[in-house]
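# A closer look at the structure
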Amino acid sequence: MSGAVLVAIAASIGNLLQGWDNATIAGAVLYIKKEFNLESEPTVEGLIVAMSLIGATIITTFSGPVSDCIGRRPMLILSSVLYFFSSLIMLWSPNVYILLLARLIDGFGIGLAVTLVPLYISETAPSEIRGLLNTLPQFSGSGGMFLSYCMVFGMSLLPSPDWRIMLGVLAIPSLFFFGLTIFYLPESPRWLVSKGRMAEAKKVLQKLRGKDDVSGEMALLVEGLEVGGDTSIEEYIIGPATEPADDHVTDGDKEQITLYGPEEGQSWIARPSKGPSMLGSVLSLASRHGSMVNQSIPLMDPIVTLFGSVHENMPQAGGSMRSTLFPNFGSMFSVTDQHTKNEQWDEENLHRDDEEYASDGAGGDYEDNVHSPLLSRQTTSVEGKDIAHHGHRGSALSMRRPSLLGEGGEGVSSTGIGGGWQLAYKWSEREGEDGKKEGGFQRIYLHQEGVPGSRRGSVISLPGGGDVPEGGEYIHAAALVSQPALYSKDLTERRMSGPAMIHPSEATAKGPSWKDLFEPGVRRALLVGVGIQILQQFAGINGVLYYTPQILEQAGVAVLLSNLGLSSASASILISSLTTLLMLPSIGLAMRLMDLSGRRFLLLGTIPILIASLVILVVSNVIDLGTVAHAALSTVSVIIYFCCFVMGFGPIPNILCAEIFPTRVRGLCIAICALTFWFGDIIVTYSLPVMLNAIGLAGVFGIYAVVCLIAFVFVYLKVPETKGMPLEVITEFFAVGAKQAAAKA
């Protein structure tokens, strides 16, 4: 995964520039006021600082939809260019008006980076380490602030500090960021798939994952093109094909799915369970473990419970790249890895041999079109009720067996997609009213339920079905079953083609639409994204950050540093740099826990500490505790607040917003969430002086504490745990949960 890690680090340089700029202007404004005589013009002074916020808000309005149209990478390139030119203009600035223009352009670059870097990392990172990599922007932003504070502090010690050089230095790292975006960062593979550029997407994935066989993830990205869909939750019992499980599953072979292991001669049969689905039961008051407890909590969103049930039953915390289904066999579905050397696709030959399977209007250029299925080279014969293969370059599945059929007439091709999930396709048939056979493909996301008790799988208790006899080898797997993104009845009847043989451009011809925002799952995801962005801003980070020097000065810390021979400006900058330095190990800990404990756990664990630190700040400003106690409590509270904020409420809202929306509307939805962020930032920043005059510092911190309490309740009731899950599965769960919630309402 080193490719994905390096790409995430490179992309997060955009956030380093944001942190660098924020810290630099905080120090440089002290000297700007003196040169332009702004001591008597606080409005102009405020505009110099806030102009970047205005620019970020303006550009965010367009960034998401435009990135959906032209791609993520061009927007990151534009961000680096805007950073570079704004820094040059700030270095030149002959008057305050040119400086304001430069700050506006700088805000454009900031808005693009803050909005699109988390989105880009989410779309390129493996699900198992997506949280870790998406915490990098928070780390790099704080790192940029620390480096900038160190630079500004050093320059403040000079006889005549030059604020133009302070601001102009930003051109150096922005030029480095420009080089990375041009020569190193690839386009998002999910965006490429959404535009039908499959060959490019495949090459990018091979680079990011460091392997040649990425067919499984390619299929997953294609399936993520749909917005919404009629998804059902089912439960399967998977066991060896040679051992009957008829006592514990529904009768009839027509529901049977045949799964093939990675080694010759190994196969398993999957059949629906009699009992209620473990995942489905959390919505029908029949769940086990904590899900039953959660279901009894008033106002608890079913989506939270649904996601929670997945993590309760995960074989390994955070998921695993290696499936635990029959762990001694490795991933029982990932069959293509075993034949990578002798099963390489010859794209030119595929183009020649399979032209008859190209979709209408596909054109003749393989680089822009798909003439081969993503999972296996197969077609479906409706009348023969089998899956035939053709050509000597068949997949590992079709090469090993003459047919993928079990005895019941349903074939399946499947593969691991990360996070303990498997993607499968099955062909189902039934007799119509006219006696003719009718069939169709279904997509299945499979997830093992329970922890294996032995190396050969566990003897598990089946809900409603009793226990599997001692010595049996069965795995209980929950499944999300829905219509494939690329399945077309017309195409199947005409060409009898497989599930991944329709060109993705046909599925995304219309592109993003405002109508898609009203899909139940997307609406519910927007509620979570917008809600958590609002609460993050009103939780007080800007107030505490803005008044840190004042708080610490009242506590006596700044006076102590001034006695060491530092000016008040230098002391204030040094205090801010030390506070920022303390944030870095906290963010490092959050990076470690993000994919282990999870996003929800970190939020619920850190928000109470934020509340406690704010309450202590209120008390220390209301009650006279003495000089020493006041200094100690204020300093410790501010440091704890910052450290806990950057562990939870700092990075997680952007991480969640980059995870919970479907590919087709992800840019548009993230733009809405980012606009909420910037408007909240502006409101909080400009309401602070008014609130301070009306209710004082203690009153302001008291309001922040109340907002944090509301945020804790909101997270507990509405925000699901998304760790270790593929993005496409997350959006599928939102669609299922939203529809279930609507049905119960």
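Rules of the game
- Residues numbered from 1 in each chain as written.
- Predicted model: local features only at pLDDT ≥ 70, side-chain atom pairs only at ≥ 80, totals over all residues.
- Heavy atoms only, no water.
- Helix = DSSP H or I, 4+ residues; strand = E, 2+ residues; numbered from the N terminus.
- Buried < 20%, exposed > 50% of the residue type's maximum accessible area, 1.4 Å probe, protein only.
- Contact = heavy atoms within 4.5 Å.
- Areas by Shrake-Rupley, 256 points an atom, 1.4 Å probe, with all protein chains shown as cover.
- Phe/Tyr/Trp six-rings, centres within 6.5 Å; stacked < 30°, edge-to-face > 60°.
- Lys NZ or Arg CZ within 6 Å of the ring centre and 35° of its normal.
- Patch = residues over 30% accessible without salt bridge, like charges linked within 9 Å, V, L, I, M, F, W, Y side chains within 5 Å.
- Salt bridge = Lys/Arg side-chain N within 4 Å of Asp/Glu carboxyl O.
- Axes fitted to C-alpha atoms, helices over the stretch in contact; angles between N-to-C directions.
- Parallel < 35°, antiparallel > 145°, perpendicular 65-115°, else oblique.
- Nonpolar A, V, L, I, M, F, W, Y, C, P; charged D, E, K, R; others polar.
- Core = buried A, V, L, I, M, F, W, Y, C linked by side-chain atoms within 4.5 Å.
- Expected span 1.5 Å × (residues − 1).
- 1 Å grid on protein atoms, 1.4 Å probe; cavity = no way out; pocket = protein on both sides within 12 Å on 5 of 7 lines; lining within 4 Å.
- Points joined across faces, edges and corners; volume = space filled by probe spheres on them.
- pLDDT = per-residue confidence, 0-100.
- Left-handed = near helix turned anticlockwise from the far one by under 90°.
- Polar contact = N/O pair within 3.5 Å; in protein donor to acceptor, adjacent residues only side chain to side chain.
- Bend = angle between axes of the 7 residues up to and from the residue.
- Disulfide = S-S within 2.5 Å.

### So, the overall build of the protein chain
Along its length, the protein chain carries 29 helices and eleven strands. Looking at the protein chain residue by residue over its 745 residues, the buried ones come to 61%. Taking the intrachain contacts of the protein chain between residues at least 6 apart in sequence as the baseline, contacts between residues at least 24 apart amount to 77%. Carbon and sulfur atoms make up 61% of the accessible area of the protein chain, which amounts to about 28400 Å² in all.

### What to know about the packing of aromatic side chains
For the coordinates displayed, the defined rule picks out ten aromatic pairs. Ring centres of Phe84 and Phe85 lie 5.6 Å apart, and the angle between their planes is 75°; on these two criteria the pair is classed as edge-to-face. Phe84 sits in the partly exposed class, given a relative accessible area of 22%. Residue Phe85 is classed as partly exposed on the basis of its relative accessible area of 47%. Each residue in the set Phe307, Trp421, Phe733 and Phe734 is aromatic and connected to the rest through ring pairs, giving one cluster. Above the ring of Tyr184, the side-chain terminus of Lys207 is found at 4.6 Å from the ring centroid.

### Focus on a nonpolar patch on the surface
A surface patch of nonpolar side chains, amounting to about 520 Å² of accessible area, comprises Val615, Ile616, Val619, Val622, Ile623, Leu625 and Leu633. Per-element accounting of the nonpolar patch gives the leading share, four residues, to helix α25 (residues 599-622). Looking at the element boundaries, Leu625 is found in the loop between α25 and α26 (627-647). The class of Leu625 is partly exposed, set by a relative accessible area of 33%.

### Notes on the packing of helix α1 (residues 2-11) against helix α11 (residues 198-209)
Close contact between α1 and α11 brings their axes to 5 Å; oriented N to C, the two are set at 95°. Our classification of the angle between α1 and α11 gives roughly perpendicular. Residue-level contacts link Gly3, Ala4 and Val7 of α1 to Lys207, Leu208 and Arg209 of α11. Residue composition of the contact of α1 with α11, grouped by class: three nonpolar, one polar and two charged.

### Some thoughts on unusual backbone geometry
Of note, the phi angle at Asn37 is positive, near 55°, even though the residue is not glycine. Examined against the element boundaries, Asn37 turns out to sit in the loop between α2 (13-36) and α3 (42-70).

### So, the pattern of salt bridges
According to the stated counting rule, one finds 14 salt bridges in the structure shown. Arg72 is paired through a salt bridge with Glu123; the nearest N and O atoms lie 2.9 Å apart. In this pair, Arg72 is assigned in helix α4 (residues 72-92) and Glu123 in helix α5 (residues 96-124), connecting sequence segments 51 residues apart. For the pair Arg72 and Glu123, one class covers both residues: buried. The shortest N-O distance in the salt bridge between Glu659 and Arg599 comes to 2.4 Å.

### So, the nonpolar core
If you look at the biggest cluster of nonpolar residues, it comprises 153 residues, and the most contacted ones within it are Ile32, Trp421, Leu614, Phe649, Phe661 and Phe733. The biggest single contributor to this core is helix α28 (residues 666-718), with 21 residues. Counting ten residues, the second largest nonpolar core, distinct from the first, contains Tyr236, Ile238, Ile444 and Ala477.

### Structural notes on α4
For α4, spanning 21 residues, the distance from its first C-alpha to its last is 31 Å, which sits close to the expected 30 Å at 1.5 Å a residue. Within the sequence span of α4, burial applies to Arg72, Met75, Leu76, Ile77, Ser79, Ser80, Leu82, Tyr83, Ser86, Ser87 and Met90.

### Things to note about the environment of Gln206
Mapped onto the elements, Gln206 comes out in helix α11. For the pair Gln206 and Gly3, spaced 203 residues apart in sequence, the C-alpha separation works out to 9.1 Å. Those residues within four positions of Gln206 in sequence are excluded, and the remaining contacts are Lys211, Asp212 and Val214.

### Observations concerning empty space enclosed by the protein
Counted by the stated rule, this structure contains nine cavities of 30 Å³ or more. There is about 90 Å³ of room inside the second largest cavity. The wall of the second largest cavity is formed by Val114, Thr115, Pro118, Leu119, Gln533, Asn654, Cys657, Ala658, Ile670, Cys673, Ala674 and Phe677. Mapped onto the lining of the second largest cavity, the elements with two or more residues apiece are α5, α27 (652-657) and α28. Split by residue class, the lining of the second largest cavity holds nine nonpolar, three polar and no charged.

### A few points about the confidence of the model for the protein chain
It should be kept in mind that the predicted coordinates are not to be read in detail where pLDDT is low. Of the residues in the protein chain, 66% have a pLDDT of 70 or more, and the chain-wide mean is 74. Here residues 260-266 scores under 50 on pLDDT; set against residues more than four positions off or in separate chains, the count is 30 contacts.

### Topic: the packing of α2 against α5
The relative placement of two packed helices comes down to the angle between their axes together with the axis-to-axis distance. Where α2 meets α5, the closest approach of the two axes is 10 Å, and the angle between their N-to-C directions is 160°. One finds that α2 runs roughly antiparallel with respect to α5. In this structure, α2 crosses over α5, and the sense of that crossing is left-handed. Between α2 and α5, the contacting residues are Gly14, Asn15, Gln18, Asp21, Asn22, Ile25, Ile32 and Phe36 on the first element and Val96, Leu99, Arg103, Asp106, Ile110, Ala113, Val114 and Val117 on the second. For the contact of α2 with α5, the per-class residue count stands at nine nonpolar, four polar and three charged.

### Considering the environment of Val638
Take Val638: it is sitting in helix α26. For the pair Val638 and Ser613, spaced 25 residues apart in sequence, the C-alpha separation works out to 7.2 Å.

### Here we look at the side chain of Ser156
Residue placement: Ser156 occurs in helix α7 (residues 136-156). Side-chain polar atoms of Ser156 contact the backbone oxygen of Phe153, separated by 2.6 Å. Those residues within four positions of Ser156 in sequence are excluded, and the remaining contacts are Tyr31, Pro161, Ser570 and Ile573.

### Topic: the side chain of Asp301
Along the chain, Asp301 turns up in the loop between α14 (289-295) and α15 (302-312). A polar contact of 2.9 Å, which involves the side chain of Asp301, links it to the side chain of Arg524.

### Let's talk about α3
Taking 1.5 Å of rise per residue, 29 residues should cover 42 Å, and α3 covers 41 Å from first to last C-alpha, within 8% of that figure. A maximum bend of about 45° is found in α3 at Val49. Phi turns positive, to about 115°, at Gly71, one or two residues after α3.

### Considerations on the state of the cysteines
Enumeration according to the criterion identifies zero disulfides in this entry. With no disulfide of its own, Cys644 lies closest to Cys643 among cysteine sulfurs, the gap being 6.9 Å.

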